[in-house]
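Spelled out, the chains give:
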Amino acid sequence: MKEKKLEKTSKENKEKEVTEPVKKVPQTPQTLRGMKDILPADQGYWWLVFDKVRSLAKTYGFEKIDTPLLEESGLFVRSVGKDTDIVEKEMYIFEDLDGQKLALRPEATASIMRAYLNHGMWNLPQPIKAWYFGPMFRHERPQSGRYRQFHQFGFEILGEAGPVADALIIMIAYNFYAEMGVNASIQINSLGCPVCRENYKNELTQYYKTNRSKICESCKKRLVKNPLRLLDCKEPGCLPIKETAPQMIEFLCDDCKTHFMSVLEFLDELGLPYFLNHNLVRGLDYYTRTVFEIYSTGDDEGSQAALGGGGRYDLLSEVLGGKPTPACGFAHGVERAIAKVKEAGQVVPETIKADIFIAQLGEQARRKAFTLFEKFRHTGVKVAESFCRSSLRGQLEQADKLGARYALIVGQKEVQDGSVIIRDMESGVQEMVDFNKAVAEIQKKLLLI
């Protein structure tokens, strides 16, 4: 009888398993390809870079500007160039609910020039010197130090035509890495003005047409759409052709040649290490005259990638409907900068040390500790806490780690007595003071009064 009962129970359980649906465990969402979380452990390096950029900006008289992440897509098509890789392959473009075509900004220079024109900044004393720090977006193949959401910082000078502006921009770009302990060098070229560049493009096109059978398919398209980009090709089969191509410097008009030589003389005077790179064109259509890139001298030559770069863009204002406005600037990739800073052995500054630490034991004491913490915060005393911890020992260990000179301890007894214990973290000596006099007592000990 017992066996039959067990068989029946077993049969019922099996039927239950069949009829009951299997509960699905929800899958945890993952970051999108090419996107990256910046975790607390990495934030120290981000602040290190940001503080250096802000320090350089202050030294050289640049003011911060922030532009929207979203812009009309036409802004970048007109400024960067419709035949560039950024516009053709990499821009995040979509229509909003109003049917307006928008783009996540792939770079910042066009946005800054738009802001300059929108807000009539040409009426202000010139030049305008602006710096920025923020995220950009490009739908490209993710690789080391390059993401689809990446960050750049940059410096721009708007309203100055002289070569001194080019030299200043290059000097700041170089100094960032030099002062962060990264060995860097400058590669520089001139793209001339529209007149002399057109002569060069014709010569370059003819040269490549005679070698058309030897170049890659991408270069065959560039030959028709954007001949200058032929010099940007990295395909092994195209390198020998590129090496013997005509050089832009031989086609510069007198004004462009004088400008370029003056920039180089500034760099010579400063003693900055630079190399003439006749194939350097950068990837954006708005560049004229000076273009440059910063490279780490520690990289293998075959794996070199520019840490940043820039140049002059005197025609961008007119392209966007403004009056002629000479301008130049540069941008550095923050992720790549951080990677190089780490390689250079830069140490992130320690967490700001606290003067005092508020410790508590018990729920009532925790509420009192909150009050005490706020009193000290408003006095300017550097105060720290760990309200989520219950262990007094753990809190005092945290106080020691933060380098606090004194720990103020509130327990159940202190709540009843209206007092607080002041512990000297170095000697371990403790004293009891009135709760309402704790602030004055600490200020006296810290020689603040």
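Residues numbered from 1 in each chain as written. Predicted model: local features only at pLDDT ≥ 70, side-chain atom pairs only at ≥ 80, totals over all residues. Heavy atoms only, no water.

1. What about the overall build of the protein?
Scanning the protein from N- to C-terminus turns up 16 helices and 16 strands. The globule rule puts the C-alpha radius of gyration for 449 residues at 22 Å, and the 31 Å found for the protein is more than 25% above it. Projected onto the principal axes, the alpha-carbon positions of the protein cover approximately 90 × 90 × 50 Å. Relative to its 449 residues, the protein shows a buried fraction of 47%. A sequence separation of at least 24 residues applies to 70% of the contacts in the protein between residues at least 6 apart. Just so you have it, the protein exposes about 24,700 Å², and 51% of that area is on carbon and sulfur atoms. Considering the protein, the positive charge centre built from 62 side chains and the negative charge centre built from 61 side chains are found 6 Å apart. (Helix = DSSP H or I, 4+ residues; strand = E, 2+ residues; numbered from the N terminus. Rg over C-alpha atoms; globule rule 2.2 N^0.38 Å. Buried < 20%, exposed > 50% of the residue type's maximum accessible area, 1.4 Å probe, protein only. Contact = heavy atoms within 4.5 Å. Areas by Shrake-Rupley, 256 points an atom, 1.4 Å probe, with all protein chains shown as cover. Lys, Arg positive; Asp, Glu negative; His and termini not counted. Charge placed at Lys NZ, Arg CZ, Asp CG, Glu CD.)

2. Structural notes on helix 7 (residues 194-210)
Taking 1.5 Å per residue as the helical rise, helix 7 with its 17 residues ought to reach 24 Å, and the 24 Å between its terminal C-alpha atoms agrees with that figure. Looking only at helix 7, the buried set comprises C196, R197, Y200, L204, T205, Y207 and Y208. Buried residues in helix 7 make contact with helix 8 (217-225), helix 9 (239-243), helix 10 (254-270) and strand 9 (288-296). (Expected span 1.5 Å × (residues − 1).)

3. Observations regarding the pairing of strand 15 (residues 419-424)
When strand 14 (residues 406-410) meets strand 15, the two strands line up antiparallel, connected through four bridges. Directly across from I409, in strand 15, lies its bridge partner I421. Here five bridges tie strand 15 to strand 16 (residues 430-434), and the two strands are oriented antiparallel to one another. Bridge assignment links R423 to a residue of strand 16, and that residue is Q430. Counting the residues that bridge the hairpin from strand 15 to strand 16 gives five residues, and of these G428 lies at a positive phi of roughly 85 degrees. (Pairing = 2+ DSSP bridges.)

4. Details of the nonpolar core
Among the nonpolar cores identified, the biggest contains 54 residues, and M113, L158 and Y208 are the most heavily contacted of them. Mapped onto this core, the elements with two or more residues apiece are helix 3 (73-80), helix 4 (85-90), helix 5 (109-118), strand 5 (128-137), strand 6 (149-158), helix 7, helix 8 and strand 11 (327-333). (Core = buried A, V, L, I, M, F, W, Y, C linked by side-chain atoms within 4.5 Å.)

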